[in-house]
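What follows is the residue order along each chain.
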Protein chains: 2
Amino acid sequence: MDILINENESIDDLQYKGLKIIQKNDGFKFGVDAVILSHFLDVKKNDHIIDLGTGTGIIPILIAGKTEARMITGLEIQQDMAEMAARSVKLNELDERVKIVCGDIKNSVEYFGGSKFNSVVTNPPYMSSGRGLVNPSDTKSIARHEILCGLEDVIRSAAKLLVTGGQMAMVHRPQRLVDILVLMRQYKIEPKFLRFVHPSPYKRANLVLIKGFRGGNPELKMIEPLYIYDEHGNYSKEINDIYNREEK
Amino acid sequence: MDILINENESIDDLQYKGLKIIQKNDGFKFGVDAVILSHFLDVKKNDHIIDLGTGTGIIPILIAGKTEARMITGLEIQQDMAEMAARSVKLNELDERVKIVCGDIKNSVEYFGGSKFNSVVTNPPYMSSGRGLVNPSDTKSIARHEILCGLEDVIRSAAKLLVTGGQMAMVHRPQRLVDILVLMRQYKIEPKFLRFVHPSPYKRANLVLIKGFRGGNPELKMIEPLYIYDEHGNYSKEINDIYNREEK
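Residue positions within a chain follow its written sequence, with the count starting from 1. Naming scheme: in the order in which they are written, chains are lettered from A and ligands are numbered from 1. Local features in this predicted model are restricted to residues of pLDDT 70 or higher, and side-chain atom pairs are both shown and tallied only at a pLDDT of 80 or more, whereas totals for entire chains, interfaces and linings draw on every residue. Excluded from the side-chain calculations are hydrogens and water; all other atoms, namely the structure's heavy atoms, are used.

K.L.:
How should the layout of surface pockets be read in this particular structure?
P.N.:
Over the atoms rolls a probe the size of a water molecule, and its path tells where empty space is left. Residue and element names in this part refer to chain B. A cavity here means a set of points on a 1 Å grid, drawn over the protein atoms and nothing else, where a 1.4 Å probe fits but cannot get out; a pocket is an open set with protein on both sides within 12 Å along at least five of seven lines, and a residue lines either one if it has an atom within 4 Å of a point. Grid points are joined across faces, edges and corners, and a volume is the space filled by probe spheres set on the points. Estimates place the volume of the largest pocket at around 900 Å³. Considering the residues around the largest pocket, the lining is formed by 46 residues, among which Pro-124, Pro-125, Tyr-126, Ala-143 and Arg-144 are closest to the centre. What counts as a helix is a DSSP run of H or I of at least four residues, what counts as a strand is a run of E of at least two, and both are numbered from the N terminus. Counting residues per element, the ones that place at least two in the lining of the largest pocket are helix H1 (32–40), strand E3 (48–52), helix H2 (58–66), strand E4 (71–76) and helix H5 (139–144). Taken together, the residues of the lining of the largest pocket break down into 24 nonpolar, 12 polar and 10 charged. Considered as a void within the structure, the second largest pocket measures approximately 540 Å³ in volume. The residue classification treats Ala, Val, Leu, Ile, Met, Phe, Trp, Tyr, Cys and Pro as nonpolar and Asp, Glu, Lys and Arg as charged. All others, Gly included, are polar.

This is the structure in structure tokens:
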């Protein structure tokens, strides 16, 4: 196959079913959040899924590798990132099940139509625009800060894109949890499952996974906490399972 | 001292600074939730505090024993409970710092006036009215179900009773977390601290402690999880500390 790798990019092995990803050496790299979010989403055979703000395309590629979803669309506003993500899709020969679209989340219904997806997944920028911001035109800043897209834009779009009963799954910092839950209820994606991610059992949570359903009834269910490390400082059993590191 | 104990009541020793509480033998007994909530509230010297739905009066009595609050008011709608709580206050010789008032949370501003308290604390009924309900006129049912008072009544009243910047602290089941956070924001008590209580480190949370401030800015902070038991099945160090069981 003839996949062009640009200068300042490298191919990283996902160590899972031979999947690979192209990333910029000095750019935003996918983290544990993208991996656990892909694992958190419930996927049924033939589902149509969209990842809002796909970046490198890590989430669609992982979901395509792990599940029998029919089609996973990755929407990315930054042209160079979208183009790089599309090359990663090609590299993994996933063209038939993963589609990368360059465009703005705020216009997503114009691109795809309403009520078109079984699931929306998103790992949005964590920081409000203007907070700890160095360079607003920088690719990395756009992935990390709400410069081009706020939390409300993401949730409003998700509500329009989802079929009734469809699922929205998100990972975010707990600092924004009140905003997330208030907006999800406002846009009628009822938050149904909450899972906190802690560095280890006695540490405070630094990530939260939220799953809501369009038109669902109020009643939140807690999921057992996810610990990255166990009490002995080793990766937890669950993290090893998620990363498919069974032998250790 | 001459405190009347009714038939079907007993005096339980709180094993903390000699404090005691009168409880009905077949009625609603205070649990770990009341104890950890009393510990969760930040109390400054000379604070004025109100406990909405005080039941046996356990929370005002514990706060009076633990802190230098000036006055803790316990509001209770059930006359026999309020009367029993008042006897517990006398029994502990806390009459000068704890006042039990029999009345309806919904009318609390009429009783006390607006913006009168530094803190509102509440351990409200956990179950929505009609859910798993056996006998709606039963004392125990009223303490457990939202028969006489819903979550919105509690939060609306708290917002009126609190001074600007005043604190609301609540314990509840996580199932209601979305409702709680949405209502607190709606009534301008911004949720600022969240702490989940788990039976043990790998179990899902079954209680949540929430602290909000009237007129606060949005940004939630997570607190380390509170485990009742540790990974070996013993009471956790923190629970022993809260119960002041230092020797074990």
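Picking up after the structure, the text goes on.
K.L.:
Sorry, what's going on with unusual backbone geometry here?
P.N.:
Most peptide bonds adopt trans geometry, and most residues besides glycine take a negative phi value. Residue and element names in this part refer to chain A. For Asn-8, which is not glycine, the phi torsion reads 70 degrees and is therefore positive. Along the chain, Asn-8 falls in the segment before strand E1 (9–13). Located in the positive-phi region is Lys-17, a residue other than glycine, with phi close to 50 degrees. Looking at where Lys-17 falls in the secondary structure, it is placed in the loop between E1 and strand E2 (20–24).

K.L.:
I'm lost on the pairing of strand E4 (residues 71–76) of chain A in this one. Help?
P.N.:
Each regular strand carries side chains that alternate between the two faces of the sheet. Residue and element names in this part refer to chain A. Exposure is judged per residue with a 1.4 Å probe applied to protein chains only, and the accessible area is read against the type maximum: over 50% gives exposed, under 20% gives buried, and values in between give partly exposed. Taking burial as the measure, the six residues of E4 include six buried ones, the bulk of the element. Across the two faces of E4 the burial is the same, with Met-71, Thr-73 and Leu-75 and Ile-72, Gly-74 and Glu-76 all buried. A pair of strands counts as paired when DSSP detects no fewer than two bridges linking them. Examined bridge by bridge, strand E3 (residues 48–52) and E4 share five bridges and lie parallel to one another. Bridge pairing in E4 places Ile-49 opposite Ile-72. A crossover connection joins E3 to the parallel E4 through helix H2 (residues 58–66); in handedness this β-α-β unit is right-handed. Inspection of the sheet shows E4 paired to strand E5 (residues 98–102) by five bridges, in the parallel sense. Bridge pairing links Leu-75 to Val-101 in E5. For the segment spanning E4, helix H3 (residues 79–91) and E5, crossover handedness is right-handed. Viewed with both strands pointing away, a crossover whose connecting path from the first strand over the helix to the second turns clockwise is right-handed.

K.L.:
Explain the interface of chain B and chain A here, please?
P.N.:
Many analyses report the size of an interface as the accessible area lost when the parts associate. On the side of chain A, 29 residues touch chain B, which itself brings 29 residues to the contact. Simply put, the buried area is the total loss of 1.4 Å probe accessible area from both parts when two parts are fitted together. Summed over both partners, the interface of chain B with chain A buries about 2700 Å², with 60% contributed by carbon and sulfur atoms. When residues of chain B are sorted by the area they lose upon contact with chain A, B:Val178, B:Tyr202 and B:Met222 head the list and together hold 24% of the total. Salt bridge, as used here, is a side-chain nitrogen of Lys or Arg placed within 4 Å of a carboxyl oxygen of Asp or Glu. Between chain B and chain A we count four salt bridges in total. Residue A:Asp179 is joined to B:Arg185 by a salt bridge in which the shortest nitrogen-to-oxygen separation is 2.7 Å. We define a polar contact as two N or O atoms separated by no more than 3.5 Å, with the added condition that, inside protein, one atom must be a possible hydrogen donor and the other a possible acceptor, whereas residues neighbouring each other in sequence contribute only through side-chain atom pairs. Our enumeration of links across chain B and chain A arrives at 11 residue pairs in polar contact (both at pLDDT 80 or more). Mapped by element, the contributors of at least two residues to the side of chain B that touches chain A are helix H7 (177–186) and strand E8 (189–198) of chain B. Contact definition: two residues touch when any of their heavy atoms are within 4.5 Å.

K.L.:
In this structure, what is going on with the relation of the copies chain B and chain A? I would like to understand it.
P.N.:
Two copies of the chain are present, and they differ by a rotation about an axis and a shift along that axis. Rotating chain B by 180 degrees about the axis while translating it 0.0 Å along that axis superimposes it on chain A, leaving an RMSD of 0.0 Å. On the angle and the small slide along the axis, the relation comes out as a two-fold axis. Most of the interface of chain B is mirrored in chain A, where 100% of its interface residues are also at the interface. Superposition of the copies was done by least squares, using only C-alpha atoms of residues whose pLDDT is at least 70 in both.

K.L.:
Hey, could you run me through helix H7 (residues 177–186) of chain A in this one?
P.N.:
Structural remark: α-helix, 3.6 residues per turn; residues separated by three or four positions point the same way. Of all 10 residues in H7(A), eight are buried, a share of seventy percent or more. Within H7(A), the full set of buried residues consists of A:Leu177, A:Val178, A:Asp179, A:Ile180, A:Leu181, A:Val182, A:Leu183 and A:Met184. Looking at the packing, one finds that the buried side of H7(A) touches helix H6 (151–161), strand E7 (162–172), strand E8 (189–198) and strand E9 (207–214) of chain A together with H7 and E8 of chain B. Downstream of H7(A) by one or two residues, A:Lys188 has phi in the positive range, about 65 degrees.

K.L.:
What is the right way to read the environment of A:Gln167 from this model?
P.N.:
Residue and element names in this part refer to chain A. Structurally, Gln-167 can be placed in strand E7. Along the primary structure Gln-167 and Ile-58 are separated by 109 residues, whereas in three dimensions their C-alpha atoms are 19 Å apart. A distance of 2.9 Å separates a polar side-chain atom of Gln-167 from the backbone oxygen of Asp-42. Within the local environment of Gln-167, its side chain forms a polar contact with the side chain of Ser-119, the two groups lying 3.0 Å apart.

Without other data, these values stay purely geometric and don't point to any function.
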